[in-house]
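# Fold and geometry: a report
Residues per chain are reported as follows:
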Amino acid sequence: MDGQITAGWYRHPKLGLIKIFINDNRSWVYQCYSDSGTRALSKEKDMDNWTWALCDLAPQH
């Protein structure tokens, strides 16, 4: 994806379903979720340009 990071649900080719958001420290982070989006599979991780570049919107979330 090009441009600025936007909060929301995305599909990543290696990470699966991820949620991108701003955390309490006002930093962009992502978190991996189960395919249904109901269960977090990882802790928050700092967002980087490569992760963002490979994301596609996840329309069902």
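Residues numbered from 1 in each chain as written. Predicted model: local features only at pLDDT ≥ 70, side-chain atom pairs only at ≥ 80, totals over all residues. Heavy atoms only, no water.

Moving on to the side chain of H12. Tracing the chain through its elements places H12 in strand β1 (residues 8–12). We classify H12 as buried; its relative accessible area is 9%. Ignoring sequence-local partners within four residues, the contact set of H12 consists of I18, T51, L54 and C55. (Helix = DSSP H or I, 4+ residues; strand = E, 2+ residues; numbered from the N terminus. Buried < 20%, exposed > 50% of the residue type's maximum accessible area, 1.4 Å probe, protein only. Contact = heavy atoms within 4.5 Å.)

What the 5 strands build is an open sheet, ordered β4-β3-β2-β1-β5; its pairing is antiparallel. Looking along the sheet, the strands with just one partner apiece sit at the ends: β4 (45–46) and β5 (56–57). Of the strand pairs in this sheet, β1 and strand β2 (residues 16–22) are connected by 5 bridges, and their pairing is antiparallel. Across the sheet, the residue bridging to R11 is L17, located in β2. (Pairing = 2+ DSSP bridges.)

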